[in-house]
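# Results of the structural survey
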Amino acid sequence: MTHPTTGRAMSLAMLAGVAVAFGAAAPAHAQNDAHPPLAPARDVQVEYNVQPDGAPALKAIQTWFTANGGMMRIDSPEGLGSTILDRAARQVTIVLNKQKVYTQLDARNGIRNPFLLDLSMQFTRKGTGQVAGLACTVWDIVSGRGTATACVTDDGVILREDGVDGDGMKGRLEATKVTYGPLPVSLFQPPQGYQLVMRHRVAPSHDVGGGQPVTGGAAQPNP
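Along every chain, residues carry numbers that run from 1 in the direction the sequence is written. Given that this is a predicted model, residues contribute local features only at a pLDDT of at least 70 and side-chain atom pairs are listed and counted only at 80 or more, while totals for whole chains, interfaces and linings are drawn from all residues. Only hydrogens and water are set aside; all other atoms, that is, all heavy atoms of the structure, feed into the side-chain values.

As recorded by an unreviewed UniProt entry, the protein carries the name DUF4412 domain-containing protein and is attributed to Gluconacetobacter diazotrophicus.

In structure tokens, the structure reads:
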């Protein structure tokens with residue numbers, strides 16, 4: 001039995017311009033004069049308020065990063081779903097809670113996200129700041145799609161960002177709570193009992209999320 005899943009629902013799960021250029025961001029453990037750390041240097045959970053350009057209000061989301069950004073999970077507002085990013089496997093897993101299904105997308109061509117930086121961007125140090133009780137360095141960022149300003153901790157957590165990300169999505173985000181500590185493997189796996197809906201690639205889209213799944217394939221239970 002197949003489970004139809006609309007592009008709109010998937011876009012909601014992908015939320016706020018999420019995606020990562022998997023091959024672009026090299027691990028960076030410490031800040032230097034040329035650029036901030038490109039990913040968190042240790043396991044961390046960050047709660048953000050996000051507001052894509054044109055959205056009427058801020059939305060609260062939760063994110064989890066393993067050290068060096070190897071794995072990442074983003075929970076969409078109001079518990080609609082989750083997006084799990086595996087940089088090593090170049091794979092995106094999208095979980096939809098209402099339908100109790102998930103799909104795994106081939107991300108070999110890269111999709112971007114506002115929570116990680118990469119060396120295709122140009123950085124200019126502008127000063128210092130404090131967000132969610134943590135010190136951070138303010139950077140002006142120029143990418144091929146526009147400009148942004150971000151405040152990044154010395155260990156690579158983006159605490160605030162405002163402007164255009166590397167995929168051309170405009171908006172703002174700000175951390176409200178940051179918690180360091182080991183993250184269980186189960187955080188980056190689909191929930192037990194959810195069914196796998198086979199997908200093969202990400203199709204170009206201007207919707208929130210930067211891509212839509214190409215439909216097709218049968219659902220399989222997740223043991």
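We are not done yet, so read on.
## Details of the overall build of the protein
Note the following rule: A run of DSSP states H or I qualifies as a helix once it reaches four residues; a run of E qualifies as a strand once it reaches two. Both are numbered from the N-terminal end. Only protein chains enter the accessibility calculation, which uses a 1.4 Å probe; a residue whose area is less than 20% of its type maximum is buried, one above 50% is exposed, and one in between is partly exposed. In this description, contact between two residues means that some pair of their heavy atoms is separated by no more than 4.5 Å. Using the Shrake-Rupley algorithm and a 1.4 Å probe, accessible areas are obtained, with residue cover drawn only from the displayed protein chains.
Each helix and strand counted, the protein has one helix and 15 strands in total. A buried classification covers 49% of the 223 residues belonging to the protein. Within the protein, residue pairs in contact and separated by at least 24 positions form 55% of the contacts whose partners lie at least 6 positions apart. Entry remark: accessible area of the protein is about 10,600 Å², with carbon and sulfur atoms responsible for 50%.

## A few points about the state of the cysteines
One covalent bond between the sulfur atoms of two cysteine residues makes up a disulfide. The following threshold applies: We call a pair of cysteine sulfur atoms a disulfide whenever their separation is within 2.5 Å.
This model, assessed by the stated rule, comprises one disulfide. Linked covalently through their sulfurs, C136 and C151 form a disulfide whose S-S length is 2.0 Å. Residues C136 and C151 are joined through a disulfide that is right-handed, its torsion about the S-S bond being 90 degrees. Of this pair, C136 sits in strand β8 (residues 134-143) while C151 sits in strand β9 (residues 146-152), and the two are 15 residues apart along the sequence. Summarising the burial analysis for this pair, C136 and C151 share the class buried.

## Quick word on the side chain of T63
Tracing the backbone through its elements, the reader meets T63 in strand β2 (residues 59-65). Classification of T63 by relative accessible area gives buried; the value is 0%. Sequence-distant contacts of T63, that is, excluding residues within four places in its chain, are made with V44, Q45, V46, Y48, R73, I74 and F115.

## Comments concerning the packing of aromatic side chains
For clarity, the cut-off: In summary, the pairing rule links any two rings of Phe, Tyr or Trp, Trp by its six-membered ring, whose centres are within 6.5 Å, and it sorts them by plane angle into stacked for under 30 degrees, edge-to-face for over 60 and tilted for everything else.
Scanning all chains against the criterion turns up one aromatic pair. Aromatic pair F123 and W139: ring centres 6.3 Å apart, planes at 85 degrees, arrangement edge-to-face. Of this pair, F123 sits in strand β7 (residues 122-131) while W139 sits in strand β8, and the two are 16 residues apart along the sequence. Accessibility expressed as a relative area gives 13% for F123, which makes it buried.

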